[in-house]
Amino acid sequence: MLDLIRTEIFKIATKPRSYIGFAAIFAIVVIIQLALYADGQAYLDFLIQSLNQSFEIEGMDFNGNLVGFIILQTLIIQMPLLVALVSGDAISGEIQGGTIRSLLTKPVSRSQIVWAKFIAAELYTLLLILWLGILAWVVSLLFFGPGDLVVLKSDSLVIVRNADTVWRFGSAFAVAFLSLSVVVALSFLLSAIAENSIAPIIITMSVILLFTIIGTFDIPVFNQIKPFLFTTHMIVWRNFFDRPLPVDQIAQSAGIMVLHIVMFLGATLIYFNKKDITQ
Amino acid sequence: MKNALFILLFLPFSPILGQTPNQILYKAHQQFARVKSFKSEVNIYFDLPSVSIENMSGKAFYKAPSKFRIRLKGIAFLPRDNPFNVYTLIRDSSQYASVLNGSEKVGNELCRIVSVIPNGESDIVMAKLWMGTTSNCPLKMQITSRESGIILIENTYGRQVQNALPDKMRFTVDMNKFKVPKALAADINNSPKKTAASAAKSKGTIEFAFTNYSLNTAIEDSVFKEEGK
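This text gives an overview of the structure that appears in the document. Since we're looking at a predicted model, the values are computed, not measured. Going along each chain's sequence as written, the residues are numbered from 1 onward. A letter from A marks each chain and a number from 1 marks each ligand, given out in the order of writing. Per-residue local features of the predicted model are confined to residues with pLDDT of at least 70, and side-chain atom pairs are confined, for both listing and counting, to 80 or more; whole-chain, interface and lining totals are unaffected and use all residues. Note that the side-chain values use all heavy atoms of the structure and ignore hydrogens as well as water.

**A look at the packing of helix α4 (residues 64-75) of chain A against helix α8 (residues 110-144) of chain A**
Residues and elements named next belong to chain A. Contact geometry of α4 with α8 gives a least axis separation of 7 Å together with a crossing angle of 155°. Looking at the two axes, α4 sits roughly antiparallel to α8. The handedness of the crossing between α4 and α8 is right-handed. Of the residues in α8, those in contact with Gly64, Asn65, Val67, Gly68, Ile71, Leu72 and Leu75 of α4 are Leu132, Ala136, Trp137, Ser140, Leu141 and Phe144. For the contact of α4 with α8, the per-class residue count stands at nine nonpolar, four polar and no charged. The angle between two axes is taken between their N-to-C directions and runs from 0 to 180 degrees, where each axis is a line fitted to C-alpha atoms and a helix contributes only its stretch in contact. For helices the rule is a DSSP run of H or I covering at least 4 residues; for strands it is a run of E covering at least 2, with both sets numbered from the N terminus onward. Note on terminology: angles under 35 degrees are roughly parallel, angles over 145 are roughly antiparallel, angles of 65 to 115 are roughly perpendicular, and the others are oblique. Two helices that cross are described as forming a left-handed crossing if the nearer one is turned anticlockwise from the farther one by less than a right angle, and a right-handed crossing if clockwise. By definition in these notes, contact holds between two residues if any of their heavy atoms fall within 4.5 Å. Only Asp, Glu, Lys and Arg are considered charged, only Ala, Val, Leu, Ile, Met, Phe, Trp, Tyr, Cys and Pro nonpolar, and every remaining residue, Gly among them, polar.

Here it is as structure tokens:
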């Protein structure tokens, strides 16, 4: 099994598309950091101007924690695309290239192949999240310095003390990884069904886009649907920056995401085990 | 003209409690005038609608006649004006007009309500002071200023009452509703809760609890300057 995982990691590492995610994150993070370095304080002052009329706000400086948070909430929407680029190709790429037949001649079960591919895709996702964390948060802390974090919401503001940020960011990245694992599992299922590698990537992104749009609108009909969409729970990482910490909500959303992963992966295993590869 | 009209309206109530409003204010000022400077520790408690912020601690510094600053580490929402500004206003009786507006109990202490209007240019437009008859200190102050609008300050006195320094100051401030476009806050999937409290304006409170007063010690002017200025 370990050899199988190693082989799958090697396959991911040798594909040029695997590096698109790392390059895209680097480019986006650097651009946002430069823009915020130039105009970040003015941007923040603009957002809190209604409070400035009532109070003298001490110590509200633009800092690395805030830059990290802004980048995280901006990029987390695009991250599924970068993940789907690799995971959506995992099985369908082998089918399209015709290598699936030789792969299945090995003395391993089909389930083991799916597991090995899934674990390799998860490792890739983990590396992508770590890369994002290092660039968006650690590098921002080095450039902008530490400080209290201002969590901006559309109708409120939460101040998180600097000493409190490490475990919150750590937990947020862990939950963001779980969110992206849902995307990996979904694209895996589509990858098992599809005969080419483009369709799973496009369908995964279309589903996420559709669900996100539904989540954005504050329409009563959509509000009924929202709890059943996995994208609603994918942004639960933000809740780690709330006070008091909504533990129940985080646990519920994490549970729903795990359930989605189990469902998607289970369906992938069932489908792939029955898949006719002779045609 | 504005001051003359104000005096004409409220003058008939002045002799009610024996002392003239100027005498009441003079007593309070005399008590506070003993304080040339102070530093103290201060715990700050926030209760602000649409802002979630932990209580915090810092140090308060005052230097006569009108320098006041709270120094702390991190983000804090503080009243815009120096809360001891009112003593600067009542320092010279020729600089203001005052009238008695009756009396009222604040806590357990009977207070005389004195309204003060500055004669010249001042940030304070009007101050309504509830002056304690026992402590001779303002237990409640409603200050209307050009910069900050109306602020209500409720004072609780303890050991430093003879110097008119409160143990607690509770500020009630009018707050504009905090609203940022969802796109700017990147706050998708969040539906604002529609409650009765979500009116356009609401009130927030900040409480200072002073401890360990150290009076009339040398304080560098640099303490009162903003960092980087």
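**A word on the interface of chain A and chain B**
Chain A puts 39 residues into the contact, and the matching count from chain B is 39 residues. Contact between chain A and chain B buries roughly 3,700 Å² in total, counting both sides, with carbon and sulfur atoms accounting for 51%. Simply put, the buried area is the total loss of 1.4 Å probe accessible area from both parts when two parts are fitted together. In terms of surface lost to chain B, no three residues of chain A exceed Phe55, Glu58 and Ser154 of chain A, which account for 21% of the buried area on that side. Salt bridge, as used here: a side-chain nitrogen of Lys or Arg that lies within 4 Å of a carboxyl oxygen of Asp or Glu. Linking chain A with chain B are one salt bridge, by the criterion used here. Among the salt bridges present, the one from Arg69 of chain B reaches Glu58 of chain A, with a minimum N-O distance of 3.6 Å. Between N or O atoms, a polar contact is any pair within 3.5 Å; within protein, one atom must be a potential hydrogen donor and the other a potential acceptor, and residues adjacent in sequence are included only when both atoms are from side chains. Counting the contacts that link chain A with chain B gives 10 residue pairs in polar contact (both at pLDDT 80 or more). If you list the elements that add at least two residues to the side of chain A that touches chain B, you get α2 (18-47), α3 (49-52), β1 (55-58), β2 (149-152), β3 (157-160), α10 (198-216) and α12 (230-234) of chain A. In terms of residue count, β1 of chain A provides more of the side of chain A that touches chain B than any other element does, four residues in total. Per-class residue counts for the side of chain A that touches chain B are 14 nonpolar, 14 polar and 11 charged. Note: two strands are recorded as paired if DSSP finds a minimum of 2 bridges between them. As defined by bridge partners, β3 of chain A adjoins strand β2 (residues 51-52) of chain B across two bridges and the pair is classed as parallel.

**Details of empty space enclosed by the protein**
All names here are of chain A. Within this scheme a cavity is a closed region of a 1 Å grid, computed over the protein atoms alone, that accommodates a 1.4 Å probe without allowing it to escape, whereas a pocket is open but has protein on both sides within 12 Å along at least five of seven lines; lining residues each have an atom within 4 Å of a point. Grid points are joined across faces, edges and corners, and a volume is the space filled by probe spheres set on the points. One pass over the full model with this rule turns up five cavities of 30 Å³ or more. In this structure, the second largest cavity spans a volume of roughly 130 Å³. Along its surface, the second largest cavity is lined by 15 residues, and Glu8, Ile12, Lys15, Val86 and Ala90 are the ones closest to its centre. Taken together, the residues of the lining of the second largest cavity break down into six nonpolar, two polar and seven charged.

**Description of the layout of surface pockets**
In this approach, a probe sized like a water molecule rolls over the atoms, and the result shows the empty space that is left. Residues and elements named next belong to chain A. Approximately 540 Å³ is the volume found for the second largest pocket. Lining the second largest pocket are 25 residues; nearest its centre among them are Ile57, Glu58, Gly59, Met60 and Asp61. The element that contributes the greatest number of residues to the lining of the second largest pocket is β1, accounting for four residues. Broken down by class, the residue content of the lining of the second largest pocket amounts to eight nonpolar, six polar and 11 charged.

**Notes on the pattern of salt bridges**
Evaluation of the coordinates by the stated rule reveals 16 salt bridges over all chains. Two residues, Asp3 of chain A and Arg6 of chain A, come together in a salt bridge whose shortest N-O distance is 2.9 Å. Remark: Arg6 of chain A and Asp3 of chain A occur in helix α1 (residues 2-14); sequence separation between them is three residues, near one turn of the helix. Between buried and exposed lies partly exposed: a residue is buried under 20% and exposed over 50% of the maximum accessible area for its type, with that area taken using a 1.4 Å probe on protein chains only. Take Asp3 of chain A: its relative accessible area is 54%, and that puts it in the exposed class. Given the relative accessible area of 52%, Arg6 of chain A is considered exposed. Asp221 of chain B is paired through a salt bridge with Lys67 of chain B; the nearest N and O atoms lie 3.2 Å apart.

**Describing α2 of chain A**
All names here are of chain A. Expected helix span is computed as 1.5 Å times (number of residues minus one). The end-to-end C-alpha distance of α2 is 37 Å, clearly below the 44 Å that 30 residues give at a rise of 1.5 Å each. Of all the bends found along α2, the most pronounced is centred on Asp39 and spans about 70°. Three or more residues of α2 are buried, namely Ser18, Gly21, Phe22, Ile25, Val29, Ile32, Gln33, Leu36, Gly40, Leu44 and Leu47. Bending is quantified residue by residue as the angle between axes fitted to the seven-residue window ending at that residue and the seven-residue window starting at it.

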